[in-house]
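Okay, here's what each chain looks like letter by letter:
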Amino acid sequence: MGKERCKEGDLDSFHGNFLYEQAVPKDHFLLKLNQVIDWRRFTKKLLKYYKGKGETGQAPYHPTLILKMLLLSYLFNISERQTEELVNDSLSAKCFVGLAANKRAPDHSTLSVFKERLTEKEGTKAYEKLFDGIVEIAQEKGLKLGKVQIIDSVHMVADVNLGKDKARQKQGESPRDKDATWGVKGEKVVWSNGKPHKEIDYFYGYKDQVSLNAEAEIITSVKPGYGDEYDGHWLPYLVERDLKKGIEVGTVAADRGYDDGENHYYLEQKGIKSAVRLHDYRTKKKDKNKEGWQALQGSKEYQEGLRERYKIERKFGEMKKWHDFGRCRYLGMVKHAIQCYLTCMVVNLKRIVKLLTGIGFKEEAKSYLRY
């Protein structure tokens, strides 16, 4: 086995760490992120997707450098072209990715080639492994993960003008996004004839399943999905993913979309307490079968689990407000899944740095771009 060769970032030069130590604030979020995460552990995992695995042929850019640039794109909610400009213009960003100040950042097209390289070899599984790697680091760092997991789905609107797309299809053309489907967000109140009434609120796009640890507020498992999928089918999948990561799941909290008899049976068989919000037809029916559901509803674990549910809504709010997770960047399920995994990685990294160093990422502040 040869030794991998990558283009050098020249961090040991005058324009590297010496300059950065003088110019970049010691409490800068990106500096703390580099201190907390050992990015070298991703090198071999990523090089296997390269032809020659970085051992033969032309030396590639260091794969973790490209990964960091992609993460910057989602951290700052900017395009890949803007990310190239950011790394070239910002000392803190250049320090973070591992380039000396006098080195140029890789062209934005290199980021696209990198993403394609991963999906060609292993599909979206490659990104799932990267996401899992961040969760593993959080566990290794000793972050306390509580026993309550919150499961919920979050929808994302496809990058499609529905009016134009409908006209296009009438002319015999295929849909702009062939993988996007119609799904239900929930109910909304509308006014008609001076009176309010409820209507089903639909969306066109994708829907992802997420498991969040309530105590650490870290996303531990995620499953990108289609807009029309039934939420209830994914609860066992997410719990199994969490258990395989060594997470001690004591209680699972979820909304009524997961109130499925098979889910309750699954949790019971696993010895996991249910805090899945029950439909009224279970607790208010007239026969004696309601007594078991009423006992569950009155249990300590059920009540405590539901009180934690706001945390996943807050996490989704963060993802949508600061990282534009409400709308797809690209077309197709594969590219949507990449956006999903990278966004979840970014919010987890922010949380890990905050818990370990006390330094938070101020999304609204532009001061990061000054240095």
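Residues numbered from 1 in each chain as written. Predicted model: local features only at pLDDT ≥ 70, side-chain atom pairs only at ≥ 80, totals over all residues. Heavy atoms only, no water.

J.: Describe the pattern of salt bridges, listing the residues and the values that go with them.
T.: Considering all chains together, one arrives at 27 salt bridges under this definition. Lys125 is paired through a salt bridge with Glu128; the nearest N and O atoms lie 3.1 Å apart. Of this pair, Lys125 and Glu128 are both found in helix H8 (residues 125-140), three residues apart, which corresponds to roughly one turn of the helix. Residues Arg168 and Asp165 are paired through a salt bridge, measuring 2.5 Å at the closest nitrogen-oxygen approach. Remark: Asp165 and Arg168 occur in helix H9 (residues 162-170); sequence separation between them is three residues, near one turn of the helix. Note on Arg168: relative accessible area 24%, which makes it partly exposed. Judged by its relative accessible area of 2%, Asp165 is buried. (Salt bridge = Lys/Arg side-chain N within 4 Å of Asp/Glu carboxyl O. Helix = DSSP H or I, 4+ residues; strand = E, 2+ residues; numbered from the N terminus. Buried < 20%, exposed > 50% of the residue type's maximum accessible area, 1.4 Å probe, protein only.)

J.: Describe helix H14 (residues 300-307), naming the residues involved and giving the relevant values.
T.: Among the residues making up H14, those that are buried are Tyr302, Gly305 and Leu306. The buried residues of H14 occupy one face: seen down the axis, they fall within an arc of 95°. Relative to its buried face, H14 has exposed residues pointing more than 90 degrees away, namely Lys300 and Arg307. For H14, the secondary structure elements touched by its buried residues are strand E5 (251-254), strand E6 (273-276) and helix H13 (290-297). (Arc of directions from axis to C-beta. Contact = heavy atoms within 4.5 Å.)

J.: Help me get a handle on a nonpolar patch on the surface, residues and values and all.
T.: Together, Leu162, Trp182, Val184, Ile200 and Tyr202 make up an exposed nonpolar region whose accessible area comes to about 510 Å². Breaking the nonpolar patch down by element, the ones donating at least two residues are strand E2 (181-192) and strand E3 (195-213). (Patch = residues over 30% accessible without salt bridge, like charges linked within 9 Å, V, L, I, M, F, W, Y side chains within 5 Å. Areas by Shrake-Rupley, 256 points an atom, 1.4 Å probe, with all protein chains shown as cover.)

J.: Lay out the packing of aromatic side chains in plain terms, naming residues and giving numbers.
T.: Following the criterion strictly, the structure yields eight aromatic pairs and no others. Taken together, a centroid distance of 6.0 Å and an interplanar angle of 85° make the contact between Trp39 and Phe96 edge-to-face. Highlighted residues: Trp39 in the loop between helix H2 (29-36) and helix H3 (43-47) and Phe96 in helix H6 (residues 91-97), separated in sequence by 57 residues. Judged on exposure class, the residue Trp39 and its partner Phe96 are both buried. Relative to Tyr237, the ring of Trp234 lies with its centre 5.5 Å away and its plane at 90°, an arrangement referred to as edge-to-face. (Phe/Tyr/Trp six-rings, centres within 6.5 Å; stacked < 30°, edge-to-face > 60°.)

J.: Could you give an account of the pairing of E5, with specific residues and numbers?
T.: Here E5 shows no split at all, with Thr251 and Ala253 on one side and Val252 and Ala254 on the other all buried. As defined by bridge partners, strand E1 (residues 148-157) adjoins E5 across four bridges and the pair is classed as parallel. Directly across from Ile151, in E5, lies its bridge partner Ala254. In the sheet, E5 pairs with E6 via four bridges, with the strands oriented parallel. Bridge pairing in E6 places Val252 opposite Ser274. Between E5 and its parallel partner E6, the chain crosses via helix H11 (residues 261-270), and the hand of that crossover is right-handed. (Pairing = 2+ DSSP bridges. Right-handed = clockwise from strand over helix to strand, strands pointing away.)

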